[in-house]
Amino acid sequence: MAGNVTALAPGILENPGWTETIYRRLDETEGATQKHPEHHALVRVFQLPGGFRLLVGRDLEERERIYRIVLAAGRWSVAIVIILGLAGGLFVTRRVLRRIDAMTETTRSIMQGDLGERLPVAGTGDELDRLAENLNVMLERIEALMHGLKEVSDNIAHDLKTPLTRLRNRAEDALRAGKSEAEYRAALEATIEESEGLIGTFNALLMIARAESGQVRDNISEFDAAEIAHDIGELYEPLAEEKGIALKVDAGTPARLKGNRELVSQALANLVDNAIKYAAPQEPPVNGVAPEIVVRALNEGDRILLTVADSGPGIPAPDRARAVERFVRLEQSRSQPGSGLGLSLASAVARLHGGELTLEDNRPGLKSVIALPRGGPVQSAG
């Protein structure tokens with residue numbers, strides 16, 4: 001009775017409810033009908049009294065048009081994304097590869113022996129920059145270790161070659177000029193004494209290596225640092241008196257400490273031995289002060305301080321950091337006995353226990369301080 005539908009698919013009016021079908025419009029011309037012979041619509045059929053049918057529907061052409069628009073836009077979007085992705089990937093890849101190539105060139109120079117080279121840092125703060133910064137810190141540490149190794153090798157060559165040469169010369173003299181049993185005995189005694197010095201040097205090197213590698217952390221126990229100070233004082237008091245030095249121990253309060261008793265004792269003994277060696281009486285007395293050595297074990301919060309203070313010439317401030325390196329002896333003539341390992345061992349022991357060795361001005365003289373945490377060294381997991 002009303003509407004713009006001129007033809008429907010067969011049987012549509014016989015099926016009540018929703019149906020998607022095709023139809024032709026009433027207002028289309030013959031040419032339009034040939035161009036668009038049919039349209040799609042979503043319709044619903046109602047059954048009315050008297051055998052009538054009511055068809056209500058909506059044309060789906062708008063949906064199809066939107067679908068085509070979205071499809072075309074999607075194709076263009078995918079194409080643009082692919083193009084931008086390829087371009088961006090190429091740019092990023094070339095940029096990253098360029099930085100990696102620069103790192104590779106630097107590492108080749110380092111492998112050829114130039115430890116002064118450093119990996120380039122772009123300053124962007126990205127992962128490659130963080131990697132380069134960490135590697136540069138590692139390279140600085142390696143360069144410092146290699147420099148120290150070279151110095152140690154040079155000092156070993158100097159400090160060990162001389163006593164070995166003396167051993168050989170004494171043996172040759174004994175074979176060439178020895179005429180009596182007493183002369184041979186004297187040569188053997190001198191050889192044994194020289195050998196003991198060499199063995200002591202190697203033992204000190206081994207102990208430093210063990211301390212720096214952490215191999216002695218299994219022998220950790222709790223002990224009284226004040227008791228160690230008294231023991232070291234009793235051990236070295238006769239030697240100090242023989243050299244005209246007053247050795248005093250100030251450790252009246254217990255100082256409980258967790259660590260390796262043997263190494264801590266050895267470190268403190270090295271400090272006292274150095275103090276006796278270099279605080280010997282001089283004419284005139286240094287700064288008009290009679291030679292004196294004071295060994296202390298002090299409680300300071302969560303730390304224990306083991307100090308050895310003398311009234312000798314001391315160490316100039318610029319040389320204190322270098323004095324704890326292996327085989328470094330500030331006495332260039334090297335007329336005093338020793339191998340230059342005493343402070344190195346004390347420093348290694350302090351680091352092993354999570355502490356530090358500091359050299360301070362005693363005004364006059366030198367004050368060596370080993371600061372150790374009460375809880376001992378941090379145990380590594382596993």
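Residues numbered from 1 in each chain as written. Predicted model: local features only at pLDDT ≥ 70, side-chain atom pairs only at ≥ 80, totals over all residues. Heavy atoms only, no water.

On to helix H2 (residues 61-111), then. Taking 1.5 Å as the rise per residue, H2 with 51 residues should run 75 Å; its terminal C-alpha atoms sit 73 Å apart, in good agreement. Those residues of H2 lying buried are Arg99, Met103, Thr106 and Ile110. Where H2 terminates, the next one or two residues include Gly113, which has phi positive at roughly 115°. (Helix = DSSP H or I, 4+ residues; strand = E, 2+ residues; numbered from the N terminus. Expected span 1.5 Å × (residues − 1). Buried < 20%, exposed > 50% of the residue type's maximum accessible area, 1.4 Å probe, protein only.)

Time to look at a nonpolar patch on the surface. Taken together, the side chains of Phe46, Leu48, Phe52, Leu54 and Val56 make up a nonpolar region of the molecular surface, amounting to roughly 430 Å² of accessible area. Positionally, Phe46 belongs in strand E3 (residues 39-47). (Patch = residues over 30% accessible without salt bridge, like charges linked within 9 Å, V, L, I, M, F, W, Y side chains within 5 Å. Areas by Shrake-Rupley, 256 points an atom, 1.4 Å probe, with all protein chains shown as cover. Salt bridge = Lys/Arg side-chain N within 4 Å of Asp/Glu carboxyl O.)

Another aspect to go through is the packing of helix H6 (residues 261-278) against helix H8 (residues 342-352). At a minimum axis separation of 9 Å, H6 and H8 run at an interaxial angle of 145°. The element H6 and its partner H8 pack so that their crossing is left-handed. Contacts between H6 and H8 involve Leu263, Val264, Gln266, Ala267, Asn270, Leu271 and Asn274 from the former and Gly342, Leu343, Leu345, Ala346, Val349 and Leu352 from the latter. In terms of residue class, the contact of H6 with H8 is made up of 9 nonpolar, 4 polar and no charged. (Axes fitted to C-alpha atoms, helices over the stretch in contact; angles between N-to-C directions. Left-handed = near helix turned anticlockwise from the far one by under 90°. Contact = heavy atoms within 4.5 Å. Nonpolar A, V, L, I, M, F, W, Y, C, P; charged D, E, K, R; others polar.)

Next up on the list: the nonpolar core. Core analysis: the largest hydrophobic core is formed by 42 residues, its most contacted members being Leu268, Ile293, Val295, Val308 and Ile370. Of all the secondary-structure elements, those providing two or more residues to this core are helix H5 (225-242), H6, strand E8 (292-300), strand E9 (303-310), H8, strand E10 (356-361) and strand E11 (366-373). For this core, the leading source of residues is H6, giving 9 residues. Other than its neighbours up to four places away in sequence, Ile293 contacts Ile245, Ala246, Leu247, Lys248, Ala275, Ile276, Val308, Ala309 and Asp310. (Core = buried A, V, L, I, M, F, W, Y, C linked by side-chain atoms within 4.5 Å.)

Spatial ordering of the open sheet is given by E6-E8-E9-E11-E10, a layout of 5 strands whose pairing is mixed. Every interior strand has two partners, whereas the edge strands, strand E6 (246-250) and E10, have only one. Going across the sheet, the axis of each strand differs from the next one's by a mean of 15°, ignoring polarity. Bridge count between E8 and E9: 8 bridges; the pairing is antiparallel. Counterpart to Val295 in the pairing with E9 is Val308. Packing against the sheet, H5 makes contact with E6, E8 and E9, and its axis sits at approximately 170° to E6. Contacts from H6 reach E8, E9, E10 and E11 within the one sheet, and its direction differs from that of E9 by about 20°. (Pairing = 2+ DSSP bridges.)

Note that all results are geometric; they support no functional claim without further evidence.
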